Amino acid sequence: MFRFSKTLDPITLFHSPAIKASTRTLNLLKQASATASETATEDQASDHSTHSKKQRGEFELEVTTTPPTTDQLRSILDYISPINGAGGQGEKVSYSVSELVKGARDAEDALKKFKEDNENFVRPITVDWVNGRAVIGDNESEILRMVRQLPEN
């Protein structure tokens, strides 16, 4: 029987190998991805319908050392903002704009500073594009919550 394979949700790590927190985040995400892959295989043998609704399962880990595009940065700014971010997505962590772009006062200033010098972009940043969430830094519990749980709608 032929079935189309489901595409996996992309999780992007904006990474810098020179930063210890970024390397820790990369290792954590690799481990979480491997665990999700193993769990997905085990779950195929039994029915976990209530469990699987709250758990993400497998995801596609994208790791990049390049800064985001301007459009990606705009999205990330929306994800971290308590005002502009999509509401009703469960426990959403909000960050100040200066945690994402060094010295930025607001989203507008962040875009300006980023365009002037994209080295102002702070790493590591882990982004769940499908569910509109981002974690700045290497906060293990927040990263694991993001990659394991689907947001509450």
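Bear in mind that the values here come from a model prediction, so they are computed numbers and not experimental data. (Residues numbered from 1 in each chain as written. Predicted model: local features only at pLDDT ≥ 70, side-chain atom pairs only at ≥ 80, totals over all residues. Heavy atoms only, no water.)

Draft legend 1. Spatial organisation of unusual backbone geometry. Following Arg123, the chain continues into Pro124 via a peptide bond in cis, with omega recorded as 0°. Its location among the elements puts Pro124 in the loop between helix H5 (107-116) and strand E3 (125-128). (Helix = DSSP H or I, 4+ residues; strand = E, 2+ residues; numbered from the N terminus.)

Draft legend 2. Region of the structure containing the environment of Asp109. By secondary structure assignment, the location of Asp109 is in helix H5. Note: C-alpha distance between Asp109 and Val97 (twelve residues apart in sequence) is 8.9 Å. Other than its neighbours up to four places away in sequence, Asp109 contacts Gly103 and Ala104. (Contact = heavy atoms within 4.5 Å.)

Draft legend 3. The sheet that holds strand E4 (residues 133-136), seen in detail. Read across the sheet, four strands follow the order E2-E1-E3-E4 without closing on themselves; strand pairing throughout is mixed. Of all strands in the sheet, those with a lone pairing partner are strand E2 (59-64) and E4, marking the two edges. Along the sheet, successive strands turn relative to each other by an average axial angle of 15°, direction set aside. Each of strand E1 (9-14), E3 and E4 is contacted by helix H3 (residues 70-80), which is oriented at about 85° to E4, the strand it contacts most. (Pairing = 2+ DSSP bridges. Axes fitted to C-alpha atoms, helices over the stretch in contact; angles between N-to-C directions.)

Draft legend 4. Region of the structure containing the pairing of E4. Residues Arg133 and Val135 of E4 are buried on one face, and the alternating residues Ala134 and Ile136, pointing to the opposite face, are buried as well. In this sheet, E4 lies alongside E3 in antiparallel orientation, the contact comprising four bridges. Paired with Val127 across the two strands is Ala134, which belongs to E4. Following E3, the chain reverses through four residues before pairing antiparallel with E4; Gly132 in that reversal takes a positive phi of roughly 65°. (Buried < 20%, exposed > 50% of the residue type's maximum accessible area, 1.4 Å probe, protein only.)

Draft legend 5. The arrangement of the side chain of Thr64 in detail. Considering the arrangement of structural elements, one finds Thr64 in strand E2. Those residues within four positions of Thr64 in sequence are excluded, and the remaining contacts are Thr12, Leu13, Phe14 and His15.

Draft legend 6. Geometry of the pattern of salt bridges. Under the counting rule described, the total for this entry stands at six salt bridges. Lys112 is the salt-bridge partner of Glu116, the closest N and O atoms lying 4.0 Å from each other. Of the two residues, Glu116 and Lys112 are both situated in helix H5; the distance of four residues between them amounts to about one turn of the helix. (Salt bridge = Lys/Arg side-chain N within 4 Å of Asp/Glu carboxyl O.)

Draft legend 7. View of the packing of H3 against H5. Relative to each other, H3 and H5 sit at 150°, their axes nearing to 11 Å. Relative to H5, the element H3 is oriented roughly antiparallel. In the crossing of H3 with H5, the sense of the turn from one axis to the other is right-handed. On H5, the residues touching Thr70, Leu73, Arg74 and Leu77 of H3 are Ala107, Ala110, Leu111, Phe114 and Lys115. Along the lines of polarity and charge, the residues of the contact of H3 with H5 split into six nonpolar, one polar and two charged. (Parallel < 35°, antiparallel > 145°, perpendicular 65-115°, else oblique. Left-handed = near helix turned anticlockwise from the far one by under 90°. Nonpolar A, V, L, I, M, F, W, Y, C, P; charged D, E, K, R; others polar.)

Draft legend 8. The arrangement of H3 in detail. Listed as buried for H3 are Leu73, Ile76, Leu77, Tyr79 and Ile80. The buried residues of H3 occupy one face: seen down the axis, they fall within an arc of 160°. (Arc of directions from axis to C-beta.)

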